[in-house]
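# Observations on chain architecture
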Amino acid sequence: MVELAGIIILGILAQWVAWKFKIPAILPLILIGLLVGPIAAEFINEDGSKWIEPIWNGKKGLFPGEGLFYFVSLAISIILFEGGLTLKRSEIRTVGPVITKLITVGAAVTFFGAAVLAHYLFELSWDLCFLFAGLIIVTGPTVITPILRNIPLKRDISTVLKWEGILIDPIGALVAVLVFEFIFVGGEVGFTKTALIEFGKIVLFGTTFGFTFAHALVFAINKKFIPHYLLNVVSLSAVLLVFIESEIFAHESGLLAVVVMGMVIGNSKLDNIKELLYFKESLSVLLISILFILLSANINYDELMLLYRWETLALFLAVVLIIRPLAVFISAQGSKLRMNEKLFISWVGPRGIVAAGIASLFGSKLRAEDVAGAEYITPLVFMIVLGTVLLNATTARLFARISGVFLTKSEGILIIGASKVSRLIAQYLIDNGRHVVLVDSNQNNISEAEKLGIEAHTENIYSDTLTDNVEFNDIGYLLALTGNGDINRYAVEKFGAQFGENGTFRLASKTELENNSISDEDGIFTLSDDFNNLIEVSENYPEIHEISVEDLASYNSILDDIKRNSDQIPLFLKTSKDVIHIIPSLDETIEKEIDKNSKLVYLGKLINAEKA
């Protein structure tokens with residue numbers, strides 16, 4: 001009981017440390033696992049016992065027999081399902097081919113390259129070398145997401161890394177299983193002639209079960225067949241059911257099934273998708289915390305000492321500096337990614353939970369069968385996992401600056417509220433080359449925005465999940481345009497520092513406008529209109545227009561005319577360099593901004609000056 005409680009307590013403590021210092025949680029989790037496991041046994045406890053003893057085989061420990069393997073398998077299935085939920089088809093319009101090549105061609109380069117390195121550096125059999133290579137194909141969303149979250153990058157870069165991390169997990173697991181089947185068949189070491197058949201079965205049953213059960217669950221939820229209070233636990237049960245059923249029909253197809261299931265549900269029209277994601281995210285945090293401590297503690301000190309040789313460093317450096325860049329550059333050939341973007345993607349390739357979990361399982365099974373060199377599998381994989389996470393966690397931000405992908409000025413715009421007027425403004429900004437994201441708790445508003453092709457998220461701004469979204473790391477402007485003044489103020493106060501480095505603006509309340517109680521520091525979006533005025537004009541004249549201004553005098557004249565007319569609302573000043581300024585943000589420097597090619601942007605009725 002003490003050990004179980006201790007794992008959870010230490011795991012959550014490690015998660016807090018990771019949040020506090022903005023590092024991937026896997027780093028403190030593995031270090032804690034090594035401390036309570038092999039280090040405690042070797043240096044602290046006189047009887048040579050571990051503080052936490054997760055035994056794969058035997059009668060002692062938290063998970064005797066193959067209990068830990070079953071727990072790891074089910075936990076990984078939930079983690080990968082949660083990752084699949086976050087994958088949106090709209091994100092990969094420009095980088096889809098790169099992602100496809102990374103998880104196929106890139107994976108093949110890593111597979112063969114790492115196997116050759118391991119064979120000649122450690123003199124292991126080709127069987128074990130390919131098993132090791134299959135395990136380190138994966139990168140993993142649990143470690144990439146925390147790294148990307150704190151680095152302002154172009155959206156394409158973060159999208160490539162996030163999608164690769166989630167999709168490559170089941171592929172790496174599948175490759176590792178096939179290699180294992182070559183090595184270990186029916187309790188004997190040898191090769192199997194049915195590998196290709198097994199591969200086909202894994203793909204067939206994995207995709208079929210995932211796709212079918214996903215649509216069944218979406219149908220049941222939308223038809224209200226499941227009561228709201230059972231929604232999360234029924235969904236959890238469905239994920240486990242899909243995993244188990246797929247495993248029964250094709251061994252090791254379960255991971256592919258749950259990823260497919262998550263992707264289908266994440267891209268379906270499901271009203272409760274955000275609530276489901278919150279629950280799975282919390283559960284994933286708990287499971288990751290437990291898993292990494294267990295798997296690290298399961299390593300023995302003598303296995304760690306196997307790595308105490310120069311070949312270990314050589315293998316690690318070759319994987320990071322040669323194999324990973326080679327895989328990325330071959331996969332990105334012919335894409336729109338620039339050289340510096342390819343370099344950064346090459347640098348960020350941390351391995352995660354799937355590699356660690358399956359390595360522990362396969363290493364233990366092969367050691368039990370006295371396969372020569374099997375004792376190297378688990379420590380070598382953990383070395384790659386810990387080394388890549390430590391390297392990327394400490395250097396990714398610096399390397400982003402060195403390679404020139406670090407956004408010195410974030411031009412993306414986050415709009416709180418997805419009403420009709422917000423959608424009109426967002427569409428105008430998108431048409432002018434800006435990355436715009438709408439956030440609203442009203443699912444109908446979000447659906448209307450998505451129909452227009454606008455990126456939109458159902459979010460509750462009173463939760464912390466908004467700050468965790470990797471795709472928001474290029475946001476530099478915050479506009480709070482809801483009909484609730486308190487929400488607008490709260491959004492600016494809570495998210496202004498993270499998303500409004502270049503400007504935060506909100507709608508003024510009717511009271512503020514009537515009492516003229518607005519100061520320059522309030523960051524008001526429009527000084528003459530509240531939410532009701534905006535909605536009324538957008539309903540009557542749902543268009544945004546531009547009118548040319550040649551100098552400051554013509555700008556002020558047209559602006560005064562617009563303000564006197566209730567059918568138009570001024571929004572932006574667009575300069576000749578296509579820089580867009582929000583009207584109230586303009587100060588005395590406006591004289592320098594306006595030239596003969598500048599345009600005043602407004603919402604509402606087309607005015608006569610434009611007709612002329």
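Remember, it's a predicted structure, so these values are computed and weren't measured experimentally.

This next bit is on the side chain of threonine 378. Its place among the elements puts threonine 378 in helix α16 (residues 377-403). Among the residues examined, threonine 378 registers a relative accessible area of 4% and is labelled buried. At 3.0 Å, the side chain of threonine 378 and the backbone oxygen of alanine 359 are in polar contact. Setting aside its immediate chain neighbours within four residues, threonine 378 contacts Ile299, Ala359, Ser360, Gly363 and Arg367.

The next point concerns unusual backbone geometry. Unusually for a residue other than glycine, glutamate 123 sits at a positive phi of about 55°. You can see glutamate 123 is positioned in the loop between α4 (96-122) and α5 (126-135). Overall, glutamate 123 belongs to the exposed group, its relative accessible area being 72%. Unlike most non-glycine residues, lysine 224 shows phi in positive territory, near 60°. Tracing the backbone shows lysine 224 in the loop between α8 (195-222) and α9 (231-249).

What follows is about helix α21 (residues 531-540). Every buried residue of α21 is listed here: Leu534, Val537 and Ser538. The buried residues of α21 occupy an angular sector of 100° when the element is viewed end-on, so they sit on one face. The N-cap of α21, judged by a side-chain oxygen 3.3 Å from the amide nitrogen of asparagine 532 a few residues on, is aspartate 530.

As a further point, take the pairing of strand β3 (residues 412-416). Counting buried positions along β3 yields five of five residues, so the element is predominantly enclosed. Burial along β3 is two-sided: Gly412, Leu414 and Ile416 facing one way and Ile413 and Ile415 facing the other are all buried. Where β3 lies against strand β6 (residues 475-480), five bridges are found, and the strand directions are parallel. Bridging from a neighbouring strand, leucine 414 pairs with leucine 478 of β6. Following the backbone out of β3, through helix α17 (residues 420-431) and into the adjacent parallel strand β4 (residues 436-440), one traces a crossover that is right-handed.

Our focus in this paragraph is the nonpolar core. The biggest cluster of nonpolar side chains holds 133 residues, and the ones touching the most others in it are Leu131, Phe132, Met261, Ile265, Phe344 and Leu380. Residues Leu438, Tyr477, Leu571 and Val601 belong to the second largest nonpolar core, which totals 31 residues.

Ordered in space as β8-β11-β9-β10, the four strands form an open sheet in which the pairing is antiparallel. Edge positions in the open sheet fall to β8 (544-549) and β10 (580-582), since each of these has one partner strand only. Looking at each pair of strands side by side, their axes are set apart by 35° on average, direction ignored. Pairing geometry for β8 and strand β11 (residues 598-604), over six bridges, is antiparallel. Residue pairing across strands places serine 548 opposite lysine 599, the latter belonging to β11. Against the sheet, helix α22 (residues 552-564) contacts β8, β9 (568-574) and β11, and its axis sits at roughly 155° relative to β9.

Together, Leu35, Ile39, Phe43, Ile44 and Trp51 make up an exposed nonpolar region whose accessible area comes to about 470 Å². Within the fold, isoleucine 39 resides in helix α2 (residues 26-44). For isoleucine 39, a relative accessible area of 31% gives the class partly exposed.

What follows concerns the packing of aromatic side chains. One pass over the full model with this rule turns up 16 aromatic pairs. Taken together, a centroid distance of 5.1 Å and an interplanar angle of 75° make the contact between phenylalanine 111 and phenylalanine 112 edge-to-face. The buried category is assigned to phenylalanine 111, whose relative accessible area is 14%. For the ring pair phenylalanine 495 and phenylalanine 499, a centre distance of 6.1 Å and an interplane angle of 40° mean the geometry is tilted. One end of the pair, phenylalanine 495, and the other, phenylalanine 499, are both in helix α19 (residues 485-499), four residues apart, so they sit about a helical turn from each other. Grouped by ring-pair contacts, the aromatic residues Phe111, Phe112, Tyr120, Trp126 and Phe130 constitute a single cluster.

Taken together, five strands build an open sheet; the order of strands is β5-β4-β3-β6-β7 and the sheet is parallel. Either end of the sheet is taken by a strand with one partner, and the two such strands are β5 (455-458) and β7 (503-506). Here the average twist between neighbouring strands, direction ignored, is 20°. Summarising the sheet, β6 and β7 pair through four bridges and their orientation is parallel. Note on β7: the bridge partner recorded for tyrosine 477 is glycine 503. Lying over the sheet, α17 contacts β3 and β4, oriented at roughly 165° with respect to β4.

Another point: the environment of threonine 526. Counting through the fold element by element, threonine 526 comes out in the loop between α20 (510-515) and α21. When its relative accessible area of 3% is taken as the criterion, threonine 526 is described as buried.

To continue, consider the packing of α5 against α16. Orientation of α5 relative to α16, taken along the N-to-C sense of each, is 30°, at an axis distance of 10 Å. In the crossing of α5 with α16, the sense of the turn from one axis to the other is right-handed. Taking contact as the criterion, the partners of Leu128, Leu131, Phe132 and Leu135 in α5 are, on α16, Ile377, Leu380, Val381 and Ile384. Residues belonging to the contact of α5 with α16 are distributed by class as follows: eight nonpolar, no polar and no charged.

A few words now on the pattern of salt bridges. Counted under the stated rule, the structure contains eight salt bridges. Where arginine 434 meets glutamate 411, a salt bridge forms, and the shortest distance between an N and an O atom there is 3.1 Å. Here arginine 434, found in the loop between α17 and β4, pairs with glutamate 411, found in the loop between α16 and β3; they are 23 residues apart in sequence, far enough to count as distant. Of the residues examined, glutamate 411 reaches a relative accessible area of 33% and is grouped as partly exposed. Among the salt bridges present, the one from lysine 420 reaches glutamate 539, with a minimum N-O distance of 3.8 Å. Placement of lysine 420 in helix α17 and of glutamate 539 in helix α21 is noted, with a sequence separation of 119 residues between them. Here glutamate 539 falls in the partly exposed class, since its relative accessible area comes to 48%. Overlapping salt bridges bring together Glu546, Lys574 and Lys599 as one network.

What counts and what doesn't
- Residues numbered from 1 in each chain as written.
- Predicted model: local features only at pLDDT ≥ 70, side-chain atom pairs only at ≥ 80, totals over all residues.
- Heavy atoms only, no water.
- Helix = DSSP H or I, 4+ residues; strand = E, 2+ residues; numbered from the N terminus.
- Buried < 20%, exposed > 50% of the residue type's maximum accessible area, 1.4 Å probe, protein only.
- Polar contact = N/O pair within 3.5 Å; in protein donor to acceptor, adjacent residues only side chain to side chain.
- Contact = heavy atoms within 4.5 Å.
- Arc of directions from axis to C-beta.
- Pairing = 2+ DSSP bridges.
- Right-handed = clockwise from strand over helix to strand, strands pointing away.
- Core = buried A, V, L, I, M, F, W, Y, C linked by side-chain atoms within 4.5 Å.
- Axes fitted to C-alpha atoms, helices over the stretch in contact; angles between N-to-C directions.
- Patch = residues over 30% accessible without salt bridge, like charges linked within 9 Å, V, L, I, M, F, W, Y side chains within 5 Å.
- Areas by Shrake-Rupley, 256 points an atom, 1.4 Å probe, with all protein chains shown as cover.
- Salt bridge = Lys/Arg side-chain N within 4 Å of Asp/Glu carboxyl O.
- Phe/Tyr/Trp six-rings, centres within 6.5 Å; stacked < 30°, edge-to-face > 60°.
- Left-handed = near helix turned anticlockwise from the far one by under 90°.
- Nonpolar A, V, L, I, M, F, W, Y, C, P; charged D, E, K, R; others polar.

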